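The lines below spell out each chain.
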Amino acid sequence: MSEWTADDVPDLSGQTVVVTGANSGIGFEASKTFAARGAHVVMACRSLDRGESAMAEIRSELDAASLSLVELDLADLDSVHRFADEFTAEFGSLHVLLNNAGVMAIPRQETAQGFEMQFGVNHLGHFALSALLFSLLRDTPGETRIVTVSSGVHERGRMDFDDLQGEQRYEEWGAYAQSKLANLLFAFELDRRLTASGIDDVSSVGTHPGYAATNLQFRGPRESGSTPRLLLSKVANAVFAQSAAMGALPLLYAATEPSVESGSYVGPQGLFDMRGHPGPAEPSRRARDPETAKRLWAVSEELTGTRFRLA
């Protein structure tokens, strides 16, 4: 499996896939591959203008691409609910939910509901979206998957339940690491709950792209007004990062590879797990802690006002 590529994605004709953050970076590359393999791809994007441009670019390469664009702002739970309502009304099935969109190492900001932006977008928005679409995933015939994108930086993360929103103390990379740890705690806790509920045709899988050259690295330096950080990010992307297409491979593998089991974690197999072809990855011990995961689940339900209908 060390040389798994996009050519190994199976035929997805008749399947519906939702990709958050589909207009750029690894989300765009994953969307393009899903479409090339016959899936109908719902591109869930905060900016409809950027989404339209991304959709046009895919169609310029793939004449037969089946695509929809739906507005989704993960920083606003009202938008998450609108997206879920619109999607459920239009589509009768959902085979893959790819929780990909995110923000990284930005100055402290708040979502529409007052959550710290990185925790709110990267974790809470996707938690709510997954809960609202879960019934559709559960009722779709055949195997369906929820794939949640984390980061190797999760290994630095710690869940600070006394200051989840960074109101007492905020550090950009610490908040990012916490949000990426939350992604995996969610993915693995969902797997445990699926097993306990006897649901064996919905899988929950965690993944990370390694170090891929995308615009994600630039938002933090730009918003903080740090020209040196911005230049350093551009140099690092040019010298060390793999392409966004390679970074998308672990997501595609997690979403479509038949051998991937629920509760798995997928990432690049190359240098320092930061580049290369996808395969099994090893999460941190904190990411596998069931007690922390249960607590995060309860807090996430309370903050978002959403529940998974597992019964």
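Residues numbered from 1 in each chain as written. Predicted model: local features only at pLDDT ≥ 70, side-chain atom pairs only at ≥ 80, totals over all residues. Heavy atoms only, no water.

## Comments concerning the overall build of the protein
- Along the backbone of the protein there are nine helices and eight strands.
- Buried positions account for 57% of the 311 residues belonging to the protein.
- Here the analysis covers contacts within the protein between residues at least 6 apart in sequence; of these, 76% occur between residues at least 24 apart.
- For the protein, the exposed area adds up to about 13200 Å²; of that, 48% sits on carbon and sulfur atoms. (Helix = DSSP H or I, 4+ residues; strand = E, 2+ residues; numbered from the N terminus. Buried < 20%, exposed > 50% of the residue type's maximum accessible area, 1.4 Å probe, protein only. Contact = heavy atoms within 4.5 Å. Areas by Shrake-Rupley, 256 points an atom, 1.4 Å probe, with all protein chains shown as cover.)

## Remarks on the side chain of threonine 148
- Following the sequence through the fold, threonine 148 ends up in strand β5 (residues 144-149).
- With a relative accessible area of 1%, threonine 148 lands in the buried category.
- Here asparagine 99 takes part through its side chain, which lies 3.5 Å from a polar atom of the side chain of threonine 148.
- In this structure threonine 148 touches Asn99, Asn183, Phe186, Ala187, Val205, Gly206 and Thr207, once residues within four positions along its chain are discounted. (Polar contact = N/O pair within 3.5 Å; in protein donor to acceptor, adjacent residues only side chain to side chain.)

## Regarding the packing of aromatic side chains
- Inspection of every chain in the model, using the stated rule, returns eleven aromatic pairs.
- Pairing tryptophan 4 with tyrosine 253 gives two aromatic rings, centres 5.1 Å apart and planes at 80 degrees, and the pair type is edge-to-face. In this pair, tryptophan 4 is assigned in the segment before β1 (16-20) and tyrosine 253 in helix α8 (residues 244-256), connecting sequence segments 249 residues apart. In this pair, the class of tryptophan 4 matches that of tyrosine 253, namely buried.
- Between phenylalanine 87 and phenylalanine 91, the aromatic rings sit 4.7 Å apart at their centres with planes inclined by 25 degrees, giving stacked as the arrangement.
- Residue classification places phenylalanine 87 among the buried positions, given a relative accessible area of 1%. (Phe/Tyr/Trp six-rings, centres within 6.5 Å; stacked < 30°, edge-to-face > 60°.)

## Observations concerning the sheet that holds β1
- Across the sheet, which stays open at both edges, the eight strands sit in the order β3-β2-β1-β4-β5-β6-β7-β8 with mixed pairing between neighbours. Two strands lie at the open edges of the sheet, namely β3 (66-71) and β8 (278-280), each paired on one side alone. Averaged over neighbouring strand pairs, the angle between their axes works out to 20 degrees when direction is ignored.
- The pairing of strand β4 (residues 96-99) with β5 spans four bridges and is parallel. Looking across to β5, one finds that valine 96 is bridged to arginine 145.
- In the packing of α8 onto the sheet, contacts are made with β4, β5, β6 (202-207), β7 (265-268) and β8, and the angle to β5 comes to roughly 155 degrees. (Pairing = 2+ DSSP bridges. Axes fitted to C-alpha atoms, helices over the stretch in contact; angles between N-to-C directions.)

## Remarks on the pattern of salt bridges
- Taken as a whole and assessed by the stated rule, the structure comprises nine salt bridges.
- With a closest N to O distance of 3.5 Å, glutamate 61 and lysine 32 form a salt bridge. With glutamate 61 in helix α2 (residues 48-61) and lysine 32 in helix α1 (residues 25-36), the pair connects residues that are 29 residues apart, well separated along the chain.
- The exposure class of glutamate 61 is partly exposed, given its relative accessible area of 46%. (Salt bridge = Lys/Arg side-chain N within 4 Å of Asp/Glu carboxyl O.)

## Considering unusual backbone geometry
- Located in the positive-phi region is alanine 105, a residue other than glycine, with phi close to 50 degrees.
- Among the secondary structure elements, alanine 105 is positioned in the loop between β4 and α4 (117-139).

## A short note on the packing of helix α5 (residues 172-196) against helix α9 (residues 290-304)
- In contact at an axis separation of 9 Å, α5 and α9 are set at 95 degrees when each is read in the N-to-C sense. Taken together, the axes of α5 and α9 lie roughly perpendicular to each other. Touching Ala182, Leu185, Phe186, Glu189, Leu190, Arg192 and Arg193 of α5 are Pro290, Thr292, Ala293, Lys294, Leu296 and Trp297, all from α9.
- Looking at the contact of α5 with α9 residue by residue, the classes come out as eight nonpolar, one polar and four charged. (Parallel < 35°, antiparallel > 145°, perpendicular 65-115°, else oblique. Nonpolar A, V, L, I, M, F, W, Y, C, P; charged D, E, K, R; others polar.)

## Notes on α2
- Helix length check: α2, at 14 residues, gives a terminal C-alpha distance of 20 Å against a target of 20 Å (1.5 Å per residue), a fit within 8%.
- Taken as a whole, α2 has its buried residues at Gly51, Ala54, Met55 and Ile58. Projection of α2 onto a plane perpendicular to its axis shows the buried side chains occupying an angular sector of 100 degrees, all on one side. In α2, the exposed positions angled more than 90 degrees off the buried face are occupied by Asp49, Ser53 and Ser60.
- Buried positions along α2 lie against α1, β2 (40-45) and β3. (Expected span 1.5 Å × (residues − 1). Arc of directions from axis to C-beta.)

## Describing the pairing of β2
- Among the six residues of β2, six are classified as buried, and the element is accordingly described as predominantly covered.
- Here β2 shows a buried face lined by His40, Val42 and Ala44 and a second buried face lined by Val41, Met43 and Cys45.
- As paired elements, β1 and β2 share five bridges and run parallel to each other. The residue of β2 that forms the bridge with threonine 20 is alanine 44.
- Handedness of the crossover is the feature at issue here: the chain leaves β1, passes through α1, returns alongside β2, and the resulting connection is right-handed.
- Running through α2, the crossover from β2 to the neighbouring parallel element β3 is right-handed. (Right-handed = clockwise from strand over helix to strand, strands pointing away.)

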